Amino acid sequence: MSQLPLNALRTLVAVVRHGGVSRAAESLHLTHGAVSHQIHGVQESLNVALFEKRGRNLVPTREAAEIVSGPSLI
């Protein structure tokens, strides 16, 4: 897996932690669009989906969880 820019990684962690783009944007003092743009860029560069949309909620994929927490050693 390629290395991610630090800002993009920080944004990804915030979206996973806060459960959505709006709350992550608020916590990072960014616009909703800026956060969405960074997440889209990460997905494009890694060629992997990081979230599944379920109704109004974003659910992190296994790949997103591994990026945020690191791969499981088990």
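Just so it is clear, the structure is predicted and the values come from calculations on it, not from any experiment. (Residues numbered from 1 in each chain as written. Predicted model: local features only at pLDDT ≥ 70, side-chain atom pairs only at ≥ 80, totals over all residues. Heavy atoms only, no water.)

(A) Quick look at the packing of helix α1 (residues 6–18) against helix α2 (residues 21–28). It is at 8 Å that the axes of α1 and α2 come closest, and there the two elements cross at 125 degrees. Considering the angle they form, α1 stands oblique to α2. Note that α1 runs across α2; the crossing there is right-handed. Contact residues: α1 offers Arg-10, Thr-11, Ala-14, Val-15 and His-18, while α2 offers Val-21, Arg-23, Ala-24, Ser-27 and Leu-28. (Axes fitted to C-alpha atoms, helices over the stretch in contact; angles between N-to-C directions. Helix = DSSP H or I, 4+ residues; strand = E, 2+ residues; numbered from the N terminus. Parallel < 35°, antiparallel > 145°, perpendicular 65-115°, else oblique. Left-handed = near helix turned anticlockwise from the far one by under 90°. Contact = heavy atoms within 4.5 Å.)

(B) Looking closely at unusual backbone geometry. A positive phi is found at His-29, a non-glycine position, where the angle reads about 60 degrees. You can see His-29 is positioned in the loop between α2 and α3 (32–46). According to the relative accessible area criterion, His-29 is exposed, its value standing at 73%. Unusually for a residue other than glycine, Asn-47 sits at a positive phi of about 55 degrees. Within the secondary structure, Asn-47 is located in the loop between α3 and β1 (51–54). (Buried < 20%, exposed > 50% of the residue type's maximum accessible area, 1.4 Å probe, protein only.)

(C) Here's a closer look at the pairing of β1. Note: β1 against strand β2 (residues 57–60), four bridges, orientation antiparallel. Along β2, the bridge assignment pairs Glu-52 with Val-59. Following β1, the chain reverses through two residues before pairing antiparallel with β2; Gly-55 in that reversal takes a positive phi of roughly 65 degrees. (Pairing = 2+ DSSP bridges.)

(D) Region of the structure containing the pattern of salt bridges. Here the structure, examined in full by the defined rule, presents two salt bridges. In this structure, the salt-bridge partner of Arg-54 is Glu-52, at a minimum N-O distance of 3.0 Å. In this structure Glu-52 comes out as partly exposed when scored by relative accessible area, which is 38%. Across the pair Arg-62 and Glu-66 runs a salt bridge whose closest N-O atoms are separated by 3.4 Å. (Salt bridge = Lys/Arg side-chain N within 4 Å of Asp/Glu carboxyl O.)

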